[in-house]
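Observations on chain architecture
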Amino acid sequence: MKLSPNYVTINKFEVFFFYIKKLFTGRHDFMIQFLIERFVPNWQNTQNSTVRERYGILAASVGILSNIFLFIIKILTGLIFNSIAITADAVNNLSDAGSSVITLLAFKIAGKPADPEHPYGHARMEYISGMAVSFIIILLGLQLIGSSFEKILHPETVTVSYLTYAVLIISILTKLWQGIFNRTVGKRIDSDALQATAADSLNDVFATSAVLISAIVYHFTSIPIDGWMGMAVAIFITISGIKLVIETGDPLLGQAPDPQLIREIGQRITSYDGVIGMHDLQVHSYGPGRTFASVHAEVPANVDILVSHDIIDNIEREVGAEMGINLVIHMDPVVTDNEEINRLKAEIDQIVKGIDTDLSMHDFRAVFGPTHTNLVFDVVVPPAFELTDSQIIQNISEKAKKLGNYFCVITIDHNYAYIPSSER
């Protein structure tokens, strides 16, 4: 079992899991549902942190028991019949069992409430445990590469029996069931970690199938490909560990929020009467169920400030509760009834969009004077933009001066919740 908060290959297995699930569990998932009802009190309330912790502990416990079972039968078979490929696959199952132990501890710690030292809670422990497991997996893979290389240089006779086939087939079926179980539980509690574990179980099915193929080939041809298959499994394990290091590191470094979440927050806020726009959205995740967001909501400047403030309070409370996020909104009054300011704003907005459609503008104000007019506004720049901040300011200022005697006072904001214009 391997943790990952953002395992991108999950969707590739969606159809596969659907048909395997029908084959093994039918439509009602009797065994899975029995385990859930037996070991997860109040299992329907998946939004409750305690219930979510119970689900995680159940999934980890199932992983520990099933992987230890597979390790025992495979290591005995590998040693008895002198197969490095089966032994390598057994060690892979042992690493999965170790991962499940770490997952168990991670869910226990992640479920702890916030304290003075960790005011945002402990939910990121899932990611930290995933990182630790990833390095363990890499270490095991490298050790197995060495053992397999030795077997390639000095091949030995491998005894293949019906017991070998039986052990490998049992392993494949067990890993398929693990995948179905973790997929089901992961969807119930919306856990990327458990859904990644489901995909990893399918990866193990492929690895064990490779070992089965080597046994069949040797049985009928006596060609010693056991070492090569062991090498393939070891490389597969190592690559999986490297991918998991990258994937578990992303949310710890500060991963970009889901574009769908950004869209939903924007749609919900601007759906309220009295809100004419929003900008400077920032979303921070401190683990599953620990999302904090801040945003500036634009309101008409000619509306009573107490009325606008009441609307903002309602949005913070209602949208935050509906989406399960801690939402803080800053209120920005915007002049909407001045034709001259509206005209200038439209012209400057056209200049900004002319540089790049991924640029946007907000907080526009005009300060009129006897000799010139100051245009004060912010420009939002996406990550890794090709122009520097100073180049953007210079470009806009030069084009604004062509419209008249205007002096631009520009503040550059960097977009922390960016969606490319092609995906909006």
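Please read all numbers here as calculations on a predicted model, not as lab measurements.

1. Describing the side chain of Thr238
Tracing the sequence through the fold places Thr238 in helix α8 (residues 226-253). With residues near it in sequence (within four places) discarded, Thr238 still touches Ile138, Gly141, Leu142 and Ile145.

2. Brief notes about a nonpolar patch on the surface
On the surface, Ile68, Ile72, Leu76 and Ile80 cluster together to form a nonpolar patch covering roughly 370 Å² of accessible area. Tracing the sequence through the fold places Ile80 in helix α3 (residues 49-80).

3. Things to note about the environment of Ser171
Considering the arrangement of structural elements, one finds Ser171 in helix α6 (residues 162-189). With 98 residues separating them along the chain, Ser171 and Ile73 place their C-alpha atoms 9.1 Å apart. If we skip the residues at most four places from it in the chain, Ser171 touches Leu70, Lys74, Asn93 and Thr208.

4. A few points about the packing of helix α2 (residues 30-39) against α6
At a minimum axis distance of 11 Å, the contact between α2 and α6 shows a crossing angle of 55 degrees. The angle between α2 and α6 places the two elements in the oblique class. The two elements α2 and α6 meet at a crossing, and its hand is right-handed. When α2 is examined against α6, the residues Met31, Ile32, Gln33, Leu35 and Ile36 are found in contact with a partner set consisting of Trp177, Ile180, Phe181, Thr184, Val185 and Arg188. Along the lines of polarity and charge, the residues of the contact of α2 with α6 split into eight nonpolar, two polar and one charged.

5. Digging into α8
With 28 residues, α8 extends 41 Å between its outermost C-alpha atoms, agreeing within 8% with the 40 Å of an ideal straight helix rising 1.5 Å per residue. Backbone geometry just downstream of α8 places Gly254 in the positive-phi region, at approximately 115 degrees.

6. Here's the deal with the sheet that holds strand β4 (residues 360-368)
Strand pairs in the sheet, formed through backbone hydrogen bonds, run parallel or antiparallel to each other. Read across the open sheet, the three strands follow the order β4-β5-β6; overall the sheet is mixed. In the strand order of this sheet, the two ends are held by β4 and β6 (406-414), each with one partner. Adjacent strand axes in the sheet meet at a mean angle of 15 degrees, parallel and antiparallel pairs treated alike. Of the pairings in the sheet, the one linking β4 to strand β5 (residues 373-381) comprises seven bridges and is antiparallel in character. Across the sheet, the residue bridging to Phe368 is Thr373, located in β5. Running over the sheet, helix α11 (residues 339-355) touches β4, β5 and β6 and is turned about 140 degrees from β4. Most of the contacts of helix α12 (residues 389-401) go to β6, to which it runs at about 150 degrees, and overall it touches β5 and β6.

7. Some words on the side chain of Asp378
Mapping Asp378 onto the fold places it in strand β5. For the buried Asp378, no salt bridge exists, and the shortest N-O distance to an oppositely charged side chain is 6.2 Å, to Arg365. Residues contacting Asp378, with those up to four places away along its chain left out, are Ser360, Met361, His362, Asp363, Thr411 and Asp413.

Cut-off values and rules
- Residues numbered from 1 in each chain as written.
- Predicted model: local features only at pLDDT ≥ 70, side-chain atom pairs only at ≥ 80, totals over all residues.
- Heavy atoms only, no water.
- Helix = DSSP H or I, 4+ residues; strand = E, 2+ residues; numbered from the N terminus.
- Contact = heavy atoms within 4.5 Å.
- Patch = residues over 30% accessible without salt bridge, like charges linked within 9 Å, V, L, I, M, F, W, Y side chains within 5 Å.
- Areas by Shrake-Rupley, 256 points an atom, 1.4 Å probe, with all protein chains shown as cover.
- Salt bridge = Lys/Arg side-chain N within 4 Å of Asp/Glu carboxyl O.
- Axes fitted to C-alpha atoms, helices over the stretch in contact; angles between N-to-C directions.
- Parallel < 35°, antiparallel > 145°, perpendicular 65-115°, else oblique.
- Left-handed = near helix turned anticlockwise from the far one by under 90°.
- Nonpolar A, V, L, I, M, F, W, Y, C, P; charged D, E, K, R; others polar.
- Expected span 1.5 Å × (residues − 1).
- Pairing = 2+ DSSP bridges.
- Buried < 20%, exposed > 50% of the residue type's maximum accessible area, 1.4 Å probe, protein only.
- Lys, Arg positive; Asp, Glu negative; His and termini not counted.

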